[in-house]
Structures are given as C-alpha cells and as structure tokens.
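# Structural description and commentary
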Amino acid sequence: GYILFKDQSNGNQTYGGGRALSIDISDPGKLNYVDFNMARNQSCAYSYFCTCPFSPEENILPFAVTAGEKTPHIY
C-alpha cells in the first residue's frame, strides 16, 4: 500500500506538501506497526515541474513525525 500523510513537521523540517510511506498490506492482520523511518518525499519535493497528489484530510497527523526524509536542499 501507499500512504500519503502530512504532520506538524511539514514546512519546517520536512517538505511542506507531505510525505509518503509504502507498507505491505497483503495480510492486514499481521500489520502491527508503521515504520515512519521509511517516510519519503514525493517527487514534487525535488522539482517545480511535476505534480503530486494531496494527502487526504484523515491522514493529517496532529503531531510531528521527525523520522524519515527531511526537506531536500535544491541548489
């Protein structure tokens, strides 16, 4: 599965548009944690010439996720 999410770190420590997680949901009964260390930026974090989907309202977290990829520095 592919999860888009936003959190309280967006725009400060992480990309403002949110990040994404890939998780294995082939057996939902065995899913007992989400590893936010694997959170990554979408392609729009690296280029002004692409578009990315928005995170759904229900995936906006009320806390900062400080794990995973941080804001990229584009030069």
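Throughout, residues of each chain are indexed from 1 in the direction in which the sequence is written. The predicted nature of this model means local features are confined to residues of pLDDT at least 70 and side-chain atom pairs, given and counted, to a pLDDT of 80 or more, with totals for whole chains, interfaces and linings taken over all residues. Neither water nor hydrogens contribute to the side-chain values; these are computed over all heavy atoms in the structure.

## Comments concerning the state of the cysteines
Defined by distance alone, a disulfide is two cysteine sulfur atoms within 2.5 Å. If you walk through the whole model with that rule in mind, you get 1 disulfide. Linked covalently through their sulfurs, C44 and C52 form a disulfide whose S-S length is 2.4 Å. The S-S bond linking C44 to C52 shows a torsion near -125°; that makes this disulfide left-handed. Judged by relative accessible area, C44 falls into the buried class, the value being 14%. To sort residues, take the accessible area from a 1.4 Å probe on protein chains only and compare it with the maximum for the residue type: under 20% means buried, over 50% means exposed, and anything in between is partly exposed.

## A short note on the side chain of T14
Relative to the helices and strands, T14 is located in the loop between β1 (2-5) and β2 (19-22). The buried category is assigned to T14, whose relative accessible area is 1%. Contacts are assigned to residue pairs with any non-hydrogen atoms lying within 4.5 Å of each other. Among all residues touching T14, those that are not within four sequence positions of it are S9, R19, V65, E69, K70 and T71. By the criteria applied, helices consist of DSSP H or I runs no shorter than four residues and strands consist of E runs no shorter than two, each listed in order from the N terminus.

## A few points about the nonpolar core
Side chains that are nonpolar tend, in soluble globular proteins, to be buried together. Within the largest apolar cluster, 5 residues are counted, these being F5, L21, A39, L61 and V65. Once residues lying within four places of it in the same chain are set aside, the contact partners of L61 are F5, K6, D7, Q8 and F36. Side-chain atoms within 4.5 Å link the members of a nonpolar core, which is a set of buried Ala, Val, Leu, Ile, Met, Phe, Trp, Tyr and Cys residues.

## As for the packing of aromatic side chains
Each aromatic pair joins two rings of Phe, Tyr and Trp (for Trp, the six-membered one) with centres within 6.5 Å, and gets the label stacked for planes under 30 degrees apart, edge-to-face for over 60, and tilted for any other angle. Under the defined criterion, the tally for this structure stands at 1 aromatic pair. The interplanar angle of 75° and the centroid separation of 5.4 Å between the aromatic rings of F5 and F36 together place this pair among those described as edge-to-face. Here F5, found in strand β1, pairs with F36, found in the loop between β2 and β3 (40-41); they are 31 residues apart in sequence, far enough to count as distant. Its relative accessible area of 2% is what places F5 among the buried residues.

## Quick notes on the side chain of S55
Mapped onto the fold, S55 is located in the segment after β3. Look at S55 and you get buried, because its relative accessible area is 10%. N or O atoms closer than or at 3.5 Å make up a polar contact, with two conditions inside protein: a donor-capable atom paired with an acceptor-capable one, and, for residues adjacent in sequence, both atoms drawn from side chains. Engagement of the side chain of S55 in a polar contact is seen with the backbone nitrogen of F5, the distance being 3.4 Å. Setting aside residues no more than four positions away along its own chain, S55 makes contact with L4, F5, K6 and G17.

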